[in-house]
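Read off the chains here:
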Amino acid sequence: MTIPESIASFTFSPLSKFKANSSIISLRNPLSFFGLRTGICLLQTVLAPFHSTSSSNCQSQRNHPRSMFEKITNLDDALILFDEMAQRQPPSSVLKFNQLLQAVTKMKHFASSVELFKQMNALCIPVDVYTMNIVINCCCKMYRTNEGFALLGNGFKHAIKPDVFTFNTLLNGLILEDKAIIAERFFKKLIKEELCDPDVIMYNTMIKGLCKCGINDKAIGLLKLMDERGCKPDVVTYNTIIDSLCKDEMVDDSLKLFKHMVLRKYIRPTVVTYNSLIRGLCNLCRWDEASKMLKEMEDERISPDVWTFNILVDALCKEGHVADAEGVIKLMIQRGNDPDVVTYTSVIDGYCLQGEMRKAREAFDSMELRGLVPDIVTYNSLLNGYCKKSRIEEAMHLFQEIVKKGLKPNVTTYSTMLQGLFLIGRCKDAYKLFNKMRSQNVIPDRFTYEIVLEGLCNNNEVDEALSLFHLMGENKLNSCTNVYNILIDGASKSRKLDIARNIFKNLIDKGLEPNVRTFTVMIGAFCLEGLMGEAKELFTEMEKRGCLPNDVTYRVILQGFIKKEEQGMIETLLKEMEEKGFSIDASTLSMLLDQIKAKSLDDSLVKLIGKVVPKGVDSLGFKS
DNA sequence: GTAGGGTTAG
């Protein structure tokens, strides 16, 4: 049976055991929590019977190295060999040099490869297009694509004609540096000026770049262009787009593309395809469908790999079902997929999320017992756990352990630590750490910046926050609406309305888009000062601008009017809330009730309130 | 006989 047929029959077969299970269960359990449990049960039944993979026969095909260069495992040997080859009479062939250069590149000694290439030129050792391509690749991997282009120019001078490998390597370099737009221009130029005829790998590179920048529609456009130009997309092409759509939560589009690939293009999916889809579904809590996918891949004799299991473990941990995740780990071990650092990091993260630091620590220790070396991400998870629990001493200790182990704290490590320090009000220490971070050449990112601003605001240091903000000036980090939200909120809570207003104005002037939170925070600022006229005005304004108020906005403005005892406005707002399906929160409700009890508001409101009290909450006996 | 592409973790 062909793959598409079997998938089609799988989908529609009424006799499928799995199908029967899943429909019964999903009818019975609409709740996502239960859906998750269901997912686990299914997972166990789907994965339990072990069927061996067919990877064993690949090994024996290549038990001796193709060239002596594959035996080189360290840089020093390579350099010695290079000297030998350079002095040899007659000189070694360009092929031998290329193999050596590639061996060095495979060891990720990119700078050394480039250096050796320079020496070859200095020693007048001939080079060819292979040499050039290897070295351009090294430049690109070091994020120095410019130098790669310079080498291309140099090649022209020496009559070395670039080929599709050269151009693809450069294209890939641009994409590594997040320069997808430049890459696209370059790509189009190559086609238009017929400098090379892109093959499937080149299209895939370009598609990857577009996806990386979130331009999915252009990526799909390229997929169509390939078809038109007679270049057959392969499974990598589809995997790239399928994954990108899943990451952007467009799983349904992704599934459509998946079906198109299988049923129309007859391309067999790989474990990577399934991993992307399963992750996409898990992220949206569509557990039943994720289980279905698992079953489907098993039916297709595509075995789940460590990645697949890690996706499941991570999803379970994020949902707080760490015990179930541990079950999956047992299962993966049974099936011969050894858990790795990523697996354990998810578990540690899961326990930290639950605030179960003892268990998190146990998981950490047990991974070390299994001979797995925790990496910086593992440490960051544990660090985050301690910080969130305000256990700063343990966090600091862990921070020191990271350094002692020879790991380099990254931007996340510092940001996490900063958040912890601000949380317990140790601003001075936080600032010290912030400076230390920069002295270690760790560049603060958007998250760091927001943590610092918010930390300062929450600790009555709005002026400090503002001076940092001004210090940043026209920085890219200051082009993020969230930064403005934090500052407006901070200024407002410190009763500096004029400053809050200015920041808001500044945001609009800059052409940045205020979001619901911006408006809500600004409305809150007016409410705090009792300026209900301005609050109301902005409330109307936001709707006009197409930014719909959410439940928080209503809560904020309602509280403002309650304090002012404005019966009419309260009525209007409650009615609007009812129409929009928003419900009232506990604290606003009790404010309202207090005022009614004190007779400063009329009890005719009670009927309206009853309509916005969340279901399941007893309306506390005030039926009118 | 040598060179280029795809999936996890704040």
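Q: I keep staring at the overall build of chain A and nothing clicks. Help me out?
A: Counting its secondary structure elements, chain A contains 35 helices and 0 strands. Residues classed as buried in chain A amount to 47% of the 624 residues present. Taking contacts inside chain A between residues at least 6 apart in sequence as the whole, the part at least 24 apart equals 63%. Of the roughly 32900 Å² that chain A leaves accessible, carbon and sulfur atoms contribute 55%.

Q: So what exactly am I meant to see when it comes to the pattern of salt bridges here?
A: It is possible for side chains of opposite charge to pair when their charged atoms get near one another. Applying the stated criterion across every chain yields a total of 35 salt bridges. Salt-bridge contacts for R88 lead to E84; the nearest nitrogen and oxygen are separated by 3.7 Å. Given the relative accessible area of 44%, E84 is considered partly exposed. Two residues, K496 and D463, come together in a salt bridge whose shortest N-O distance is 2.8 Å.

Q: Hey, could you run me through the packing of helix 33 (residues 567–580) against helix 35 (residues 605–612) in this one?
A: For the pair helix 33 and helix 35, interaxial distance at closest approach is 9 Å and the crossing angle is 30 degrees. As summarised for this structure, helix 33 and helix 35 are arranged roughly parallel, according to the angle between their axes. Note on packing geometry: the crossing formed by helix 33 with helix 35 is left-handed. In this structure, helix 33 contributes Q567, I570, E571, L574, K575, M577 and E578 to the contact, and helix 35 contributes L605, L608, I609, K611 and V612.

Q: Any chance you could explain the packing of helix 5 (residues 75–87) against helix 6 (residues 94–106) here in plain terms?
A: In helix packing, the relevant descriptors are the interaxial angle and the interaxial distance, both defined with respect to the helix axes. Between helix 5 and helix 6, the shortest axis-to-axis distance is 10 Å and the interhelical angle comes to 165 degrees. Looking at the two axes, helix 5 sits roughly antiparallel to helix 6. In this structure, the crossing between helix 5 and helix 6 has a hand that is left-handed. Facing helix 5, whose interface residues are L75, A78, L81, F82, M85 and A86, helix 6 presents K96, F97, L100 and V104. Among the residues forming the contact of helix 5 with helix 6, the class breakdown is 9 nonpolar, no polar and 1 charged.

Q: Where do I start with the nonpolar core in this structure?
A: Soluble globular proteins tend to bury their nonpolar side chains together. Within the largest apolar cluster, 185 residues are counted, with the highest numbers of intra-cluster contacts made by I278 and L574. Counting residues per element, this core draws most heavily on helix 8 (residues 129–141), at 8 residues. Residues in contact with L574, not counting those within four places in the same chain, are L558, I584, L605, L608, I609 and V612.

Q: Mind showing me how you'd approach the side chain of T308 here?
A: Secondary-structure assignment places T308 in helix 18 (residues 306–318). Classification of T308 by relative accessible area gives buried; the value is 1%. Within the structure, the side chain of T308 is placed 2.8 Å from the side chain of D305, a separation counted as a polar contact. Setting aside chain neighbours within four positions, we find T308 in contact with V271, N275, I278, L294 and M297.

Q: What am I meant to see in the protein's contact with DNA strand B here?
A: Inspection of the region around DNA strand B gives 40 residues, with N133, N204, N239, K247 and T412 positioned closest. Sugar and phosphate atoms constitute 33% of the interface atoms of DNA strand B, taking the interface as everything within 4 Å of the protein. A distance of 3.3 Å separates a base oxygen of DNA strand B from a polar atom in the side chain of N310. Between DNA strand B and D349, the relevant distance is 2.8 Å, taken from a phosphate oxygen to a side-chain nitrogen or oxygen of the residue. Class assignment for the residues of the surface near DNA strand B results in 12 nonpolar, 15 polar and 13 charged.

Q: Sorry, what's going on with unusual backbone geometry here?
A: Leaving glycine out, the prevailing phi sign among residues is negative, and the prevailing peptide bond configuration is trans. Of note, the bond from Q89 into P90 is cis; its omega dihedral lies within 30 degrees of zero at -5 degrees. Tracing the backbone shows P90 in the loop between helix 5 and helix 6. Unusually for a residue other than glycine, N460 sits at a positive phi of about 60 degrees. Exposure remark for N460: the relative accessible area of 69% places this residue in the exposed category. A positive phi angle is found at E565, which is not glycine, with a value near 55 degrees. Within the secondary structure, E565 sits in the loop between helix 32 (551–563) and helix 33.

Conventions and cut-offs
- Residues numbered from 1 in each chain as written.
- Chains lettered and ligands numbered in written order.
- Predicted model: local features only at pLDDT ≥ 70, side-chain atom pairs only at ≥ 80, totals over all residues.
- Heavy atoms only, no water.
- Helix = DSSP H or I, 4+ residues; strand = E, 2+ residues; numbered from the N terminus.
- Buried < 20%, exposed > 50% of the residue type's maximum accessible area, 1.4 Å probe, protein only.
- Contact = heavy atoms within 4.5 Å.
- Areas by Shrake-Rupley, 256 points an atom, 1.4 Å probe, with all protein chains shown as cover.
- Salt bridge = Lys/Arg side-chain N within 4 Å of Asp/Glu carboxyl O.
- Axes fitted to C-alpha atoms, helices over the stretch in contact; angles between N-to-C directions.
- Parallel < 35°, antiparallel > 145°, perpendicular 65-115°, else oblique.
- Left-handed = near helix turned anticlockwise from the far one by under 90°.
- Nonpolar A, V, L, I, M, F, W, Y, C, P; charged D, E, K, R; others polar.
- Core = buried A, V, L, I, M, F, W, Y, C linked by side-chain atoms within 4.5 Å.
- Polar contact = N/O pair within 3.5 Å; in protein donor to acceptor, adjacent residues only side chain to side chain.
- Near = heavy atom within 4 Å.

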